[in-house]
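# Reading the structure
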Amino acid sequence: MAKLTVTPRTSLVDEPVKIHVSGLAPSKLVTLQASLTDEKGVLFQSRAFYQSSESGEVDLEQAAALGGDYAGVHPMGLFQFLKPEKMFHRLMKRDVMQSPFHVRLDLFSSFHLVSTPHDQPVTSQTVERWHVAPGVQRILIRDGRVRGALFLPPGEGPFPGLIDLFGGVGGLIEFRASLLASRGFAALALAYFGYEDLPEILLEVDLEYFEEAINVLLRHPKVGGPGVGLVSISKGAEIALAMASFLPKIKAVVSINSTHALHGMPLRYRNLHINPIPYKIEYIRFTPLGLMELSNMVNVIHTEESQESILPVEEAEAKILFIVGENDRNYNSKAFAEKAMERMRRHGRKNYRMLCYPGAGHLIEPPGSPFCHHSWSFFFFRPVVWGGEPQSHVAAQEHSWKEIQKFLWQHLHPAGSSRL
Amino acid sequence: MAKLTVTPRTSLVDEPVKIHVSGLAPSELVTLQASLTDDKGVLFQSRAFYRSDEAGEVDLEHTAALGGDYAGVRPMGLFQFLKPEKMFHRLMKRDVMQSPFHVRLDLFSSFHLVSTPHDQPVTSRTVERWYVAPGVQRILIRDGRVRGALFLPPGEGPFPGLIDLFGGVRGLIEFRASLLASRGFAALALAYFGYEDLPEILAEVDLEYFEEAINVLLKHPKVEGTGIGLVSVCKGAEIALAMASFLPKIKAVVCINGTSALNGTSLRYRNLHINPIPYKLEHLRYRSMGQLDIYDTVEVIRTEISQGSILPIEKAEANILFIVGENDRNYNSKAFAEEAMERMRRHGKKNYSMLCYPGAGHLIEPPGSPFCYHSWVSMFACVVVWGGEAQSHVAAQEHSWKEIQKFLWQHLHPGVSSKL
């Protein structure tokens, strides 16, 4: 009698799940399939074909998948390679507090591709995958101009504070901040456009808004000071580097796949106004699959004119961790990070370091985000390619997530010990 | 006043088209867009962004595209990189005699991506692209069991004869045969399953059917000689190698991305019955859009059992030209061609040669077929990845088409120089 064991039943998305099948005939071909329906009702699925051992077992920690959405030994492959039924849709948990993702694992005897009434699973198990740990508190922030959600770990605190910034997707994205709070940080997910009464589109980077956000965060009794961290990606990371260059009270910056200059829209901070390097839309490329590749739109090679747009990161007091995916198709993140570090080096600064992941794309997110090679852009009304090779990318997500936490503990917490 | 010149107004799909723009301002950014609607009403489009020179001109023979569906100097890029609005749709001319493809070229000032009522082309030109030359005759063949369409060049003849075989795509595909007739050959497009009263699916390869087809072709008064050629791709090429191994009257075989053994379907010829190597479905892989990559489902490494399914190609009298795309994702075409040639070599045969194209995928077709990386296969009810890198693939199509004609003339009509 075939038995499917999936443990634990409830976990955080950055925790591993053990999947074990027993009670099969020896060398039997089976299919394991994972299904999840997101908050918009879009079905995500993955499947892999395994052959049972001589004892009739399949243990995903040891057994190699023969094919399907991945091959080889990938204990978390069914989670990492979930694909949407609706093309170009990206998995993103919006309501992190009220509900988890429910992931159903199905075991099918033999090779199973398309679900039909005649081809039912032998057995199934459903697990919960949460983006927030028990006891984490969420506080909606509407303080002055600042709009966001502050996640606090359970307990009295104080906790090291950080601001979490996403990129061109806009709106309020909470899932990384909620996970960081689950790992001990007071994390403010900050919106800056496309949300409530904030500007609909990002026409300029108003650094005073971000300065207000730092002060809102530090004001909270459970947030320990005197400075904060920034965890940021894409356009958010460009803003984070600008913040670190011009604003005080920033002690650590995690910059994931950023540029090193202002692109597309100007920056304003009190009397300072910096012009951007314009996007070169005529260099946009369409891949053979019709995806939009933006990497040539954001220039790396600089002219004399563009010098003033380069961020003066040498002014940053903060420690900066650059995380880059070498297969980023949104921009040449590695070249940008190297230019930023070169600039700091030339000014005698040493407060930087880089983690470079070959094969990783633009969307380096916490574990729990399935590999997303491309997704729909409402701005360009086309799918945009993020890049990455599946297995290298998910490995980069696992590794960088641990490194991000170590880095933040080291530079935000006085004693510097990691909670890992 | 901007002027767009596209010449000639009417041409065969394997002939070049000159595109020239004049009357622009110097260094003006423009978009050139091509549109075509196929026999099923599906829109195909391509676009590229160019900057005019100091004389306000853009000449696609010299000017490099900055971005869009291709970059660099690509005089035929707008034709080669047409993409379907309906995803996974493949461009395939079905009715070759009655109508051409009408391709409309639009010139837009500045960067143009999405068509709106406010963003109209400055000027447009439409050209005709035909799969059949004036004077080519099409004769529907229903002779005994044989089903197909025979294309004859204009004139008295006789002409060297060939049979054109497509692969797993069912039905009767005529566009390559019609082009070959336009280039001087009596070309029989032969259906073998999924057409009229032929078997709905290909359960076995009945070589006597193909022998009848050879005799039908040679019977025609305008077909010369005592032997014919075969032009074949994919499953058709597997069948063509089987024909060359067992049947007489074959003088030249063009084998595009075929295998060297019987895969999936058995073969029958009189008393002979050969079992196939089964497909290993458990090794299929899903790609980022859920497309199927079947590369590992077709066995490359031989077992004792599978030895019996390898085609005895050393028995072929015909000259064989293997054409291989190194980036074929359907199977390892290169390994199969090399296995076949090695087998011939071991038997002291020298009647083979290979053209190997790095970066080319499975669907190496005549020029006129836009690069197709993947497409819907109704037989499998899924999207299959064919492979290939865009620019290498279209270059391989251009080069191989000329080589195929040279090869056929050399071995079917010796003493007469190529009609190129």
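Everything discussed here concerns the structure shown above.
All values reported here derive from a predicted model rather than from experimental measurement.

In terms of helices and strands, chain A carries six helices and 25 strands. Taking the principal axes of the C-alpha coordinates as reference, chain A spans close to 75 × 55 × 40 Å. The buried share of chain A, taken over its 420 residues, is 59%. Across chain A, contacts joining residues at least 24 apart in sequence account for 68% of those joining residues at least 6 apart. Counting only carbon and sulfur atoms, one obtains 52% of the accessible surface of chain A, whose full area is about 16800 Å². If you average the places of the 42 positive and of the 43 negative side-chain charges in chain A, the two averages end up 2 Å apart.

Turning next to the nonpolar core. Burial of nonpolar side chains together is a common tendency in soluble globular proteins. Judged by nonpolar contacts, the single largest core of 142 residues is most densely connected at Ile 19, Leu 105, Ile 163, Leu 207, Phe 210, Met 243 and Leu 408 of chain B. No other element matches helix 6 (residues 390–412) of chain B, which puts nine residues into this core. The next biggest cluster of nonpolar side chains, apart from the first, holds 93 residues, and it includes Tyr 209, Phe 210, Ile 274 and Ala 360 of chain A.

Residue-level contacts link 31 residues of chain A with 32 residues of chain B. For the pair chain A and chain B, the two sides together bury roughly 2600 Å², of which 67% comes from carbon and sulfur. When the buried area of chain A at its contact with chain B is split by residue, Glu 282, Phe 286 and Leu 289 of chain A rank highest and sum to 25% of it. Here chain A and chain B share one salt bridge between them. Arg 51 of chain B is the salt-bridge partner of Glu 282 of chain A, the closest N and O atoms lying 3.0 Å from each other.

This part is about empty space enclosed by the protein. Empty space among the atoms can be located by rolling a probe the size of a water molecule over them. All names here are of chain A. Summed over the entire model, instances satisfying the criterion amount to nine cavities of 30 Å³ or more. Within this model, the largest cavity holds a volume of roughly 160 Å³. If you go around the largest cavity, you meet 17 residues; those closest to its centre are Val 13, Phe 79, Arg 129, Gly 368 and Ser 369. Elements represented by at least two residues in the lining of the largest cavity include exactly helix 1 (77–80), strand 9 (101–109) and helix 6 (390–412). Among the elements that make up the lining of the largest cavity, the one with the highest residue count is helix 6 (three residues).

Turning our attention to the sheet that holds strand 1 (residues 3–7) of chain A. Residue and element names in this part refer to chain A. The sheet built from three strands is open, its strands ordered 1-3-6 with antiparallel pairing. With one partner strand each, in any of the chains shown, strand 1 and strand 6 (58–59) form the two edges of the open sheet. Relative to strand 6, strand 3 (residues 18–22) is paired through two bridges, and the arrangement is antiparallel. Counterpart to His 20 in the pairing with strand 6 is Asp 59.

With that settled, the discussion passes to the sheet that holds strand 18 (residues 266–269) of chain B. Residue and element names in this part refer to chain B. The sheet built from three strands is open, its strands ordered 15-18-19 with mixed pairing. The open sheet has two free edges, formed respectively by strand 15 (204–206) and strand 19 (272–274), since each of these has just one partner strand. Geometrically, the sheet is characterised by an average inter-axis angle of 15° between neighbouring strands, direction not taken into account. Across three bridges, strand 15 lies against strand 18 in parallel orientation. Residue pairing across strands places Glu 204 opposite Ser 266, the latter belonging to strand 18. Packing of helix 4 (residues 235–246) onto the sheet brings it into contact with strand 15, strand 18 and strand 19, and relative to strand 18 it is tilted by some 30°.

Rules behind the numbers
- Residues numbered from 1 in each chain as written.
- Chains lettered and ligands numbered in written order.
- Predicted model: local features only at pLDDT ≥ 70, side-chain atom pairs only at ≥ 80, totals over all residues.
- Heavy atoms only, no water.
- Helix = DSSP H or I, 4+ residues; strand = E, 2+ residues; numbered from the N terminus.
- Buried < 20%, exposed > 50% of the residue type's maximum accessible area, 1.4 Å probe, protein only.
- Contact = heavy atoms within 4.5 Å.
- Areas by Shrake-Rupley, 256 points an atom, 1.4 Å probe, with all protein chains shown as cover.
- Lys, Arg positive; Asp, Glu negative; His and termini not counted.
- Charge placed at Lys NZ, Arg CZ, Asp CG, Glu CD.
- Core = buried A, V, L, I, M, F, W, Y, C linked by side-chain atoms within 4.5 Å.
- Buried area = accessible area lost by both parts, 1.4 Å probe.
- Salt bridge = Lys/Arg side-chain N within 4 Å of Asp/Glu carboxyl O.
- 1 Å grid on protein atoms, 1.4 Å probe; cavity = no way out; pocket = protein on both sides within 12 Å on 5 of 7 lines; lining within 4 Å.
- Points joined across faces, edges and corners; volume = space filled by probe spheres on them.
- Pairing = 2+ DSSP bridges.
- Axes fitted to C-alpha atoms, helices over the stretch in contact; angles between N-to-C directions.

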